[in-house]
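The chain contents come next:
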Amino acid sequence: MKAEVEFKAFNPITGEKKSKPFNQYYTPEEWADLQKHGPQRGLFVNKVIEAPEGVDTAYRNPGSK
C-alpha cells in the first residue's frame, strides 16, 4: 500500500508551512498499526495512492472527529 503522508509543521511566527509530504509504502499489517497509532504520533495521511483490494483505507488525521 502506498500513501502520501506528512508530519505537519508550521513557522510559529509567520504561519508558513515548513513540512513537505512524502510517499510511504506500508504492508497491510503496518497500515493497521498506523490507523491505530498514527494520529497520536502526529502523522497526517493526505491521500492513499494505491492499496490492495479489501484493505480498509480509512484514516483519521490528528484533530479530526
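To start, this report covers the structure provided alongside it.

Definitions and cut-offs
- Residues numbered from 1 in each chain as written.
- Predicted model: local features only at pLDDT ≥ 70, side-chain atom pairs only at ≥ 80, totals over all residues.
- Heavy atoms only, no water.
- Phe/Tyr/Trp six-rings, centres within 6.5 Å; stacked < 30°, edge-to-face > 60°.
- Helix = DSSP H or I, 4+ residues; strand = E, 2+ residues; numbered from the N terminus.
- Buried < 20%, exposed > 50% of the residue type's maximum accessible area, 1.4 Å probe, protein only.
- Lys NZ or Arg CZ within 6 Å of the ring centre and 35° of its normal.
- Contact = heavy atoms within 4.5 Å.

## Topic: the packing of aromatic side chains
- The tally for this structure, following the rule as stated, stands at two aromatic pairs.
- Pairing W31 with Y59 gives two aromatic rings, centres 5.9 Å apart and planes at 40°, and the pair type is tilted. On the criterion of sequence distance, the pair formed by W31 in helix 1 (residues 28-37) and Y59 in the segment after strand 3 (44-50) is long-range, its members being 28 residues apart. For the pair W31 and Y59, one class covers both residues: buried.
- One aromatic cluster is present, formed by Y26, W31 and Y59 through successive ring pairs.
- Taking NZ or CZ as reference, K8 lies 4.6 Å from the ring centre of F44, over its face.

## Notes on the environment of F7
- As for its position among the elements, F7 is in the loop between strand 1 (2-6) and strand 2 (22-25).
- In the structure, F7 is positioned 43 residues away from E50 in sequence and 20 Å away in space, judged by C-alpha atoms.
- F7 has contacts with S19, R41, G42 and L43, leaving out every residue within four places of it along the chain.

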